[in-house]
Every structure is written in C-alpha cells, then in structure tokens.
Amino acid sequence: SATIRGYLRQLLRRHRYEVLEAAEADTALRMLRDDPSIRLVLSDHDMPGKSGVVMVSEIRRFRSHEELAIIGVSGSQDPGMTARFIKAGADDYLNKPFNHEEFFCRVTRNIEFVENLRALSRAANEDPLTGLPNRRYFFENVLKQTRPFGVAMVDIDHFKAINDQFGHDIGDLALKLLADLLRAHFPGRHIARFGGEEFVILLQAEREQDMQPALETFREQVSQMVYPTAMGDLRFTLSVGVAAGQNDISALLKLADDRLYKAKQ
C-alpha cells in the first residue's frame, strides 16, 4: 500500500538510502531489469496481481544473491510465510509490525552481505592493479562463446627498462594506462591481464586478417602517446600476436604467443 511504502521510504531515507517505489510486481520487475545498480528489494507479500513470493521467484531468474538482497515483508500470521519467501529466493523476512531497530539491523546486514559477496567475486575474478578480469575469469567467458573468435596477445615492449628507468610505481602506471586504453579502444570486448605486462583480447573473428587493422591502429596510437610523470615523460610501445580460425582456446593462445614473440624480435 502507499502508506506502507511511504513509511519504509521515510525509514530508509533517514539512513541516506536512495529509494525507488513500485505499487505492484510487474513495475518492480521492469525497474530491476532497467537498473542493475539496485542492491536491495523490500517486498510485501500482498500486492495487486502477482504476490511477493511469486515476484521474488521471478527476480531470482535474472538477479543472483551476489547482485541483490531481498527482504520479504508481510503482516500475515501464517507461520509458513517465512519459509515461502526464503524458498522463493529471499534472503530475509520481516513480520509486520516491526520496530525501527530490527528493521535497520536486517537492512544493514543484508546490504553488507551483498557487498561482501561482490568483494569476494572481484578478488577472485579481477586483477587488483588494473581492475581488468584475470586469467581465470577470461577462460570462463571463453567457454560461453558460441560464435567464431580470435585472440590477440598484447605486451609492453622492454617493460623491465621502464621499471629500471622510472621505478616500479611508474611501471604500474604504464600497466594501468594500457588497461584503460584497451577498455576505451575495444569496448564490450573480453579483455584480461594474464600477468606481468601481458594482456589478452577476445575478438569475434574468423580470420586473423579481420582482427589486424584495429589492432595495428591501436598499436600505432599507443606508440605516439606521451605521459608526463614526476620522473619524466613516459613513452612505451606494444607488440601484438593474433590467432583465429579454431575453437581450441589453448591452441589459439599458444599460436598468438608464438607470434607475439616473433613480433618482439
């Protein structure tokens, strides 16, 4: 009801949460699909159209516990209501009426749970220096590919010389700069840091020739850039090895790595 929504909105805004409202399930589902930043859903059971339990079940088809916490709310005296919400995919349940302290304890606990799961996921799947996916996450996404693909292995030339001349902090800066450039030049592509100064890009392509123009343009642009630092102007160049034409990712990476080595020579 509008009254209960207004009451919950008032409580949440008191703790500086940004609040979105929906009077029924279909509107809420549409909002959740449109806004992936939503982290918490508070759902009553009794709504026009679909019940809260049905809505929770539908939410869990496209939003995981890692992405979103759900708290069921109901004034029902049915002792099985808690179980129905939890079995449908809710993380917690509040029986109306509830006091303010219990409400905020439940909200805070569930928000922290989602944030902790997201932090664990980032630690498992992201390179901590560049924020790019790591080797493990890259291979997981390769397995999901259904269209022909190729790989490009990108490596900073003479990276040890950068560390020796400028120091490791500037060496780290070069890696972060390259990661940002890769994101900007290849939006929507799977890019990963494999380790050291080596990065990999997954591209939809059937032949190496389809990949080379974009990669060559990128390589040339990077070679012309200058990055002022406290230790002097930083410049670096890249070498790239590409491979396409088969679905065996290990064979593609081996071939791309061999070609990267030849490019460096």
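Please clarify how the pattern of salt bridges should be interpreted in this entry.
For the coordinates displayed, the defined rule picks out 20 salt bridges. Between Arg-106 and Asp-92 there is a salt bridge; the shortest N-O distance is 2.7 Å. Taken together, the residues Arg-106 in helix H5 (residues 100–125) and Asp-92 in strand E3 (residues 92–95) connect sequence positions 14 residues apart. The buried category is assigned to Asp-92, whose relative accessible area is 8%.

How should the sheet that holds strand E9 (residues 238–244) be read in this particular structure?
In sheet architecture, strand pairing relies on hydrogen bonds along the backbone and comes in two forms, parallel and antiparallel. On the basis of which strands lie adjacent, the open sheet formed by four strands has the order E5-E6-E4-E9 and antiparallel pairing. The two strands at the open ends of the sheet, each matched to only one other strand, are strand E5 (190–195) and E9. Across the sheet, the mean angle separating the axes of adjacent strands is 20° when strand polarity is ignored. Here five bridges tie E5 to strand E6 (residues 198–204), and the two strands are oriented antiparallel to one another. Counted as the bridge partner of Gly-195 is Glu-198 from E6. Contacts between helix H6 (residues 135–142) and the sheet are confined to strand E4 (149–156), E5 and E6, with E5 contributing the most and set at about 140° to the helix.

What's the story with the nonpolar core in this structure? I'm lost.
Within soluble globular proteins, side chains that are nonpolar tend to cluster in buried spots. Of all hydrophobic cores here, the largest spans 32 residues; its most connected members are Ile-156, Ile-201, Leu-215, Leu-234 and Phe-236. Among the secondary structure elements, those contributing two or more residues to this core are E4, helix H7 (159–166), helix H8 (168–185), E6, helix H9 (208–223) and E9. Considering every element that reaches this core, the biggest residue donor is H8, with eight residues. Setting aside anything within four residues of it in sequence, one finds Leu-234 in contact with Ile-162, Phe-166, Ile-170, Ala-174, Leu-177, Met-225, Val-226, Tyr-227 and Thr-229. Among the nonpolar cores identified, the runner-up in size contains 18 residues, and Leu-29, Leu-32, Met-47 and Ile-59 belong to it.

Can you help me understand helix H4 (residues 81–88) in this one?
Each α-helix turn comprises 3.6 residues. Residues three or four places apart therefore point the same way. Within the sequence span of H4, burial applies to Met-81, Phe-85 and Ala-88. End-on, the buried residues of H4 take up no more than an arc of 70°, which puts them together on one face. Elements in contact with the buried residues of H4: strand E1 (40–44), helix H3 (52–59), strand E2 (69–74) and E3. Remark: Gly-89 follows H4 within two positions and exhibits a positive phi of approximately 125°.

Is there a simple way to think about the layout of surface pockets in this case?
Any empty space left between atoms is shown by rolling a water-sized probe over those atoms. Approximately 860 Å³ is the volume found for the largest pocket. Forming the boundary of the largest pocket are 35 residues, of which Leu-20, Glu-21, Leu-40, Val-41 and Leu-42 lie nearest the centre. Looking at side-chain class alone, the lining of the largest pocket contains 22 nonpolar, three polar and 10 charged residues. Approximately 180 Å³ is the volume found for the second largest pocket. In this structure, the second largest pocket is lined by Glu-66, Arg-118, Ser-121, Arg-122, Asn-125, Glu-126, Pro-133 and Tyr-137. Considered class by class, the residues forming the lining of the second largest pocket number two nonpolar, two polar and four charged.

Mind showing me how you'd approach the sheet that holds E2 here?
With parallel pairing, the three strands of this open sheet are ordered in space as E1-E2-E3. The open sheet terminates on both sides in strands that have one partner only, identified here as E1 and E3. Strand-to-strand twist across the sheet, computed as the mean angle between neighbouring axes with direction ignored, equals 20°. Bridge count between E1 and E2: five bridges; the pairing is parallel. Its bridge partner lying in E2, Val-41 is registered against Ile-70.

Would you take a moment to explain the packing of aromatic side chains for this structure?
The geometry of an aromatic ring pair is captured by two quantities: the separation of the ring centres and the angle between the planes. The final tally for this structure, using the stated rule, is nine aromatic pairs. A ring pair is formed by Phe-138 and Phe-139, whose centres lie 6.0 Å apart and whose planes are at 85°; its orientation type is edge-to-face. The exposure class of Phe-138 is buried, given its relative accessible area of 2%. When the ring of Phe-186 is compared with that of Phe-218, the centres are 5.4 Å apart and the planes differ by 70°; the resulting orientation is edge-to-face. Taken together, the residues span a long stretch of sequence, with Phe-186 in the loop between H8 and E5 and Phe-218 in helix H9 at a distance of 32 residues. Taken individually, Phe-186 and Phe-218 each receive the classification buried, so the pair is uniform in this respect. Connected via pairs of aromatic rings, a cluster forms that spans Tyr-7, Phe-98, Phe-103 and Phe-104. Here Arg-33 stacks its cationic end above the ring of Phe-62, 4.4 Å away from the centre of that ring.

The rules we used
Residues numbered from 1 in each chain as written. Predicted model: local features only at pLDDT ≥ 70, side-chain atom pairs only at ≥ 80, totals over all residues. Heavy atoms only, no water. Salt bridge = Lys/Arg side-chain N within 4 Å of Asp/Glu carboxyl O. Helix = DSSP H or I, 4+ residues; strand = E, 2+ residues; numbered from the N terminus. Buried < 20%, exposed > 50% of the residue type's maximum accessible area, 1.4 Å probe, protein only. Pairing = 2+ DSSP bridges. Axes fitted to C-alpha atoms, helices over the stretch in contact; angles between N-to-C directions. Contact = heavy atoms within 4.5 Å. Core = buried A, V, L, I, M, F, W, Y, C linked by side-chain atoms within 4.5 Å. Arc of directions from axis to C-beta. 1 Å grid on protein atoms, 1.4 Å probe; cavity = no way out; pocket = protein on both sides within 12 Å on 5 of 7 lines; lining within 4 Å. Points joined across faces, edges and corners; volume = space filled by probe spheres on them. Nonpolar A, V, L, I, M, F, W, Y, C, P; charged D, E, K, R; others polar. Phe/Tyr/Trp six-rings, centres within 6.5 Å; stacked < 30°, edge-to-face > 60°. Lys NZ or Arg CZ within 6 Å of the ring centre and 35° of its normal.

Remember, this is a structural readout, not a statement about activity or role.
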